[in-house]
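Fold and geometry: a report
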Amino acid sequence: MSAIGSQARRDRIVHLATTTGLASVEELSQLFGVTASTIRRDLAKLTTDGRLARTYGGAMALTAHPEASLRQRVGEAFEAKQAIARWAASQVRPGETLLLDAGSTVGALAYELRTVKDITVATTGLTSLQALSDVETIHVECLGGTLRPLSQGFVGPLTEAALERMTFDRVFLGTDGIWPELGICEADLRQTRLKELMARRADHVYVLAHAAKLGRRPFHAWTALREGWTLVTDDSADARVLEEVRARGVVAVAVTAEPEPGETD
């Protein structure tokens, strides 16, 4: 990055801390091409001005990254989510037992599965339950527990105990963000623990995430998945992030998101 003024650099630091969580001294020093001492002075100034809160080794936004509700996220990246859901559904075979996470993209997958016969679907998400509740050819299991209103999904010890009773051919997970070095990001530690347990119970693990979630870390709770899982995203994904993900043993699939019939540019 070319040299910029101190005020512009500080404004950029606040923006990064608010949108991606990027606020460690080392990372900011490399990003802006200045010394660690300069970054520490920036962070001290921003803290004094009330724009950031200091943490060990860096700083964080004063206002936590707000977790959008499921209702707010349903219309976000709609075509991309539909394309991801269609690809994911194409991987399913009759007779399989699936595990579906909560979330809008996984909910779109549940809708795509309505035409697949003779499968069993266990889910922690209300959206998936609603999509499949009237399909007679699909056996549905609800992994109940404590309901998180924002995500419309169940978490907690009851959900985890139910997981111990089953194994799955495939699990499809959602996420709030993906960072190659850290894994998948969530707003709540109960969610990250649950996703880790879900991944352990399945032969094949898929993470469904549209392109805007790649290289994003809006929260500080993480799930590290074992090597060999599959990321399913759309073709607008950053090629560099996909390359980093693949270098860590992940299968990355970027599907084409097509406009709905009748739409024009």
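Residues numbered from 1 in each chain as written. Predicted model: local features only at pLDDT ≥ 70, side-chain atom pairs only at ≥ 80, totals over all residues. Heavy atoms only, no water.

Glancing now at the sheet that holds strand β5 (residues 138-142). Spatially, seven strands are ordered β5-β4-β3-β8-β11-β13-β14 in an open sheet, and the strand pairing comes out parallel. Strands with a single pairing partner mark the edges of an open sheet, and in this sheet they are β5 and β14 (251-255). Neighbouring strand axes in the sheet, compared pairwise and without regard to direction, differ in orientation by 20° on average. Pairing analysis gives five bridges linking strand β13 (residues 230-234) to β14, with the strands arranged parallel. Within β14, the position partnered with D234 by the bridge is V255. (Pairing = 2+ DSSP bridges. Helix = DSSP H or I, 4+ residues; strand = E, 2+ residues; numbered from the N terminus. Axes fitted to C-alpha atoms, helices over the stretch in contact; angles between N-to-C directions.)

Quick look at the side chain of T223 now. Position of T223 among the secondary structure elements: in strand β12 (residues 221-223). When its relative accessible area of 0% is taken as the criterion, T223 is described as buried. Within the structure, T223 has its side chain in polar contact with the backbone oxygen of T192 (distance 2.8 Å). Each residue touching T223, except ones within four places of it in the same chain, is listed here: L182, G183, I184, T192, K195 and E196. (Buried < 20%, exposed > 50% of the residue type's maximum accessible area, 1.4 Å probe, protein only. Polar contact = N/O pair within 3.5 Å; in protein donor to acceptor, adjacent residues only side chain to side chain. Contact = heavy atoms within 4.5 Å.)

Before going further, it helps to spend a moment on unusual backbone geometry. Glycine aside, negative phi is the norm for most residues, and most peptide bonds take the trans geometry. One non-glycine residue, D118, adopts positive backbone phi at about 60°. Of note, D118 is situated in the loop between α6 (104-112) and β4 (119-123).

Inspection of every chain in the model, using the stated rule, returns two aromatic pairs. Taken together, a centroid distance of 4.7 Å and an interplanar angle of 15° make the contact between F172 and Y206 stacked. Taken together, the residues span a long stretch of sequence, with F172 in strand β8 (residues 168-173) and Y206 in strand β11 (residues 202-208) at a distance of 34 residues. Of the residues examined, F172 reaches a relative accessible area of 0% and is grouped as buried. Ring pairing ties together the aromatic residues W87, F172 and Y206, which thus form one cluster. For the cation-ring pair, R217 lies above W179, with the distance from its terminal atom to the ring centre recorded as 4.3 Å. (Phe/Tyr/Trp six-rings, centres within 6.5 Å; stacked < 30°, edge-to-face > 60°. Lys NZ or Arg CZ within 6 Å of the ring centre and 35° of its normal.)

The values reported here are purely geometric and, on their own, carry no functional implication.
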